[in-house]
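Chains, contacts and geometry: an overview
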There are 2 protein chains.
Amino acid sequence: MGEGARSVTAKVLAMLEAFTPATPDLSLSELARRAGVSLPTAHRRAAELVAWGALERGADGRYRIGLRLWEVAALAPRGLGLRDVAMPFLEDLYEVTHENVQLAVREGLELVFVERIAGRHAVPVLTRVGGRFALHATGVGLVLLAHAPAEVQEQALAAPLHAYTPKTITDPDRLRELLAAVRRNGYAVSDGQVTLDALSVAAPIRGADGAVVAAVSLVVRADTAEPIALAPLVQAAARGISRMLAPRLDGR
Amino acid sequence: MGEGARSVTAKVLAMLEAFTPATPDLSLSELARRAGVSLPTAHRRAAELVAWGALERGADGRYRIGLRLWEVAALAPRGLGLRDVAMPFLEDLYEVTHENVQLAVREGLELVFVERIAGRHAVPVLTRVGGRFALHATGVGLVLLAHAPAEVQEQALAAPLHAYTPKTITDPDRLRELLAAVRRNGYAVSDGQVTLDALSVAAPIRGADGAVVAAVSLVVRADTAEPIALAPLVQAAARGISRMLAPRLDGR
DNA sequence: CCGCACATTCCATTCACCGGAACGGGGGAC
DNA sequence: GTCCCCCGTTCCGGTGAATGGAATGTGCGG
């Protein structure tokens with residue numbers, strides 16, 4: 001049993017982790033409970049974090065993630081670093097199509113959205129910048145999975161695959177074929193596999209060493225005529241971003 | 001004498017702080033030196049941070065800010081929270097003008113850029129998302145300063161004011177007049193006060209309680225004809241964003 | 001082959017951190 | 001009005017996590 005005492009660092013990180021999209025602000029007690037630390041400990045740690053700027057206290061005394069943490073996080077090469085390079089191309093894509101444009105990278109067995117341009121008149125999508133999602137359903141996910149190391153692919157396919165809609169492909173063998181097709185075609189299409197009314201077309205972005213480091217996608221209404229016609233657009237953007245990528249985005 | 005021992009939390013934060021825009025990746029020794037901790041300590045702390053995802057190690061063994069930290073930081077209400085609300089309006093502004101669009105908030109006596117859309121054909125600007133800047137020169141800075149608490153204004157004007165160009169206003173009294181004009185007009189113009197070839201027009205964004213929480217600006221070439229004609233555009237965007245702002249953006 | 005710089009591991013000491021408990025204060029029930 | 005409950009803050013003595021010096025490992029240039 002027990003809790004072998006955790007390091008201070010782990011506790012600090014647990015306190016940051018306690019904040020979620022659903023609960024962006026927490027009282028001290030909530031914070032302590034979620035982080036699994038005693039109340040006095042939470043109080044001391046939180047005070048230090050506030051002094052530094054990693055947390056902020058609202059007028060109501062509740063804690064939130066502070067701007068200072070965002071400033072530091074902005075230095076993540078696969079976060080804003082990637083975003084800065086990609087933005088002009090995403091802009092162009094948006095301006096031509098006025099559809100949702102998304103940029104994502106793989107983190108472990110999930111993907112993380114790094115940027116998203118959501119036209120007010122485009123299909124509403126439920127994703128959020130900084131949010132995670134499974135790899136086997138979205139267009140960007142399929143691209144990232146198709147070009148992931150074999151070992152990652154196996155792990156991802158071995159895990160239970162959630163069926164977001166009846167059209168979500170959850171059979172490992174069918175997915176394997178699909179991934180092969182994605183590699184062959186140079187783009188992925190996800191039709192109604194996340195929500196029935198949306199369809200996405202995605203293409204891979206390569207780093208200086210040729211490895212796939214990210215993916216772009218366009219998300220349109222499922223009844224869009226000739227969605228495949230979008231593939232060249234998305235691929236062009238992906239190639240443009242790939243060309244701009246500095247050698248140091250190789251990452252892990 | 002000297003160094004009263006710092007808390008573990010402070011050391012962890014110092015290690016994050018060691019990363020700067022100029023040096024986004026560090027070796028362990030550099031990290032230890034910058035954070036002011038011994039090498040074994042840096043090694044242990046860094047290992048924990050990597051395990052959690054706050055840091056990442058490149059193929060070269062150097063440390064970088066990790067994607068996980070970016071995910072958490074994305075929850076900062078004045079960071080991505082604000083950005084998500086503002087983005088469609090910034091989009092519109094960009095699409096109409098194809099000039100640089102910037103979104104910033106005040107943090108202490110400086111401003112932090114939260115978002116920036118830089119057209120490839122627009123004036124190159126030296127700002128960076130997540131970067132800081134003084135309040136007394138840029139358009140957004142003047143807006144944020146003009147609507148800051150009196151005490152903040154005094155502190156900002158009392159500090160040495162850097163003259164980025166010959167046109168930068170560094171006289172406190174002239175600045176006071178300028179800030180009054182900004183409040184009166186509802187927008188600010190900074191003409192060549194940051195770089196001689198750029199001019200910016202900025203407007204205030206208000207939270208639910210009416211307080212100014214952020215500012216938008218358009219940055220154009222200094223020789224643009226009738227720059228003041230841009231003010232209504234910027235103000236319209238600012239008003240649009242203000243209307244969308246959730247009550248909880250009140251912040252500190 | 002040696003030397004240097006950096007990264008990693010080991011270990012005994014110690015001091016920063018910990019949680020129980022006590023204190024303060026705001027707000028709702030009655 | 002009073003009581004009570006919950007949340008935040010402060011206090012204090014015991015203890016184990018963190019620490020830095022030193023030793024070991026590793027890669028590179030001379």
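Residues numbered from 1 in each chain as written. Chains lettered and ligands numbered in written order. Predicted model: local features only at pLDDT ≥ 70, side-chain atom pairs only at ≥ 80, totals over all residues. Heavy atoms only, no water.

Below, the discussion takes up the interface of chain B and chain A. Accessible area lost on assembly of the parts is the figure often given for the size of an interface. Facing 64 residues of chain B, the contacting portion of chain A comprises 64 residues. Summing both partners gives a buried area of about 5600 Å² for chain B against chain A, and 60% of it is carried by carbon and sulfur. Looking at the side of chain B facing chain A, the largest losses of area belong to Leu67(B), Trp70(B) and Leu75(B), adding up to 13% of the total buried there. Taken together, chain B and chain A are joined by eight salt bridges. (Contact = heavy atoms within 4.5 Å. Buried area = accessible area lost by both parts, 1.4 Å probe. Salt bridge = Lys/Arg side-chain N within 4 Å of Asp/Glu carboxyl O.)

Before going further, it helps to examine the protein's contact with DNA strand D. Close to DNA strand D lie 17 residues; Ser29(A), Leu39(A), Ser38(B), Thr41(B) and Arg45(B) are nearest. Among the atoms of DNA strand D close to the protein, meaning within 4 Å, 75% are from sugar or phosphate groups. In the model, a base oxygen of DNA strand D is placed 3.2 Å from a nitrogen or oxygen of the Arg44(B) side chain. Counting residues per element, the ones that place at least two in the surface near DNA strand D are helix H2 (28-35) and helix H3 (39-52) of chain A together with helix H1 (8-17) and helix H3 (39-52) of chain B. In terms of residue count, H3(B) provides more of the surface near DNA strand D than any other element does, four residues in total. Looking at the surface near DNA strand D residue by residue, the classes come out as seven nonpolar, six polar and four charged. (Near = heavy atom within 4 Å. Polar contact = N/O pair within 3.5 Å; in protein donor to acceptor, adjacent residues only side chain to side chain. Helix = DSSP H or I, 4+ residues; strand = E, 2+ residues; numbered from the N terminus. Nonpolar A, V, L, I, M, F, W, Y, C, P; charged D, E, K, R; others polar.)

Once that is clear, we can look at helix H5 (residues 77-97) of chain B. Residues and elements named next belong to chain B. Between its terminal C-alpha atoms H5 stretches 28 Å, which fits the 30 Å expected from 21 residues at 1.5 Å a residue. Of all the bends in H5, the largest measures some 50° and sits at Ala 86, one to four residues before the proline Pro 88. The buried count for H5 comes to 15 of 21 residues, which makes it a mostly enclosed element. Phi turns positive one or two residues past the end of H5, at His 98, with a value near 55°. (Expected span 1.5 Å × (residues − 1). Bend = angle between axes of the 7 residues up to and from the residue. Buried < 20%, exposed > 50% of the residue type's maximum accessible area, 1.4 Å probe, protein only.)

Picture the strands of a sheet paired through backbone hydrogen bonds; they go either parallel or antiparallel. Residue and element names in this part refer to chain B. Taken together, the three strands give an open sheet; going across it, the order is E1-E3-E2, and neighbouring strands pair in antiparallel fashion. Only two strands of the sheet have a single neighbouring strand rather than two, namely strand E1 (25-26) and strand E2 (55-57). Judged from the three bridges that link them, E2 and strand E3 (residues 63-65) form a sheet pairing that is antiparallel. The partner of Arg 57 across the bridge, within E3, is Tyr 63. (Pairing = 2+ DSSP bridges.)

With their axes 9 Å apart at the nearest point, helix H1 (residues 8-17) of chain A and H1(B) run at an angle of 70° to one another. The angle between H1(A) and H1(B) places the two elements in the roughly perpendicular class. As H1(A) runs across H1(B), the sense of the crossing is right-handed. Contact with H1(A), carried on its side by Val8(A), Thr9(A) and Val12(A), involves Val8(B), Thr9(B) and Val12(B) of H1(B) and no other residues of that element. Its residues assigned to classes, the contact of H1(A) with H1(B) comprises four nonpolar, two polar and no charged. (Axes fitted to C-alpha atoms, helices over the stretch in contact; angles between N-to-C directions. Parallel < 35°, antiparallel > 145°, perpendicular 65-115°, else oblique. Left-handed = near helix turned anticlockwise from the far one by under 90°.)

Let us look at the domain arrangement of chain A. The assigned domain composition of chain A is domain 1 (8-72) and domain 2 (77-250). For domain 1 of chain A and domain 2 of chain A, the distance between their C-alpha centres works out to 33 Å. (Domains from an automatic or database assignment.)

Attention now goes to the protein's contact with DNA strand C. If you check the shell around DNA strand C, you find 18 residues, and the closest are Ser38(A), Thr41(A), Arg45(A), Ser29(B) and Leu39(B). Here DNA strand C approaches the protein such that, of its atoms within 4 Å, sugar and phosphate make up 73%. Between Lys11(A) and DNA strand C, the recorded distance is 3.0 Å, taken from a side-chain N or O atom to a phosphate oxygen. Separating a phosphate oxygen of DNA strand C from a side-chain N or O atom of Ser38(A) is a distance of 2.5 Å. Of all the elements in the fold, those that place two or more residues in the surface near DNA strand C are H1 and H3 of chain A together with helix H2 (28-35) and H3 of chain B. Sort the elements by how many residues they give to the surface near DNA strand C and H3(A) lands first, with four residues.

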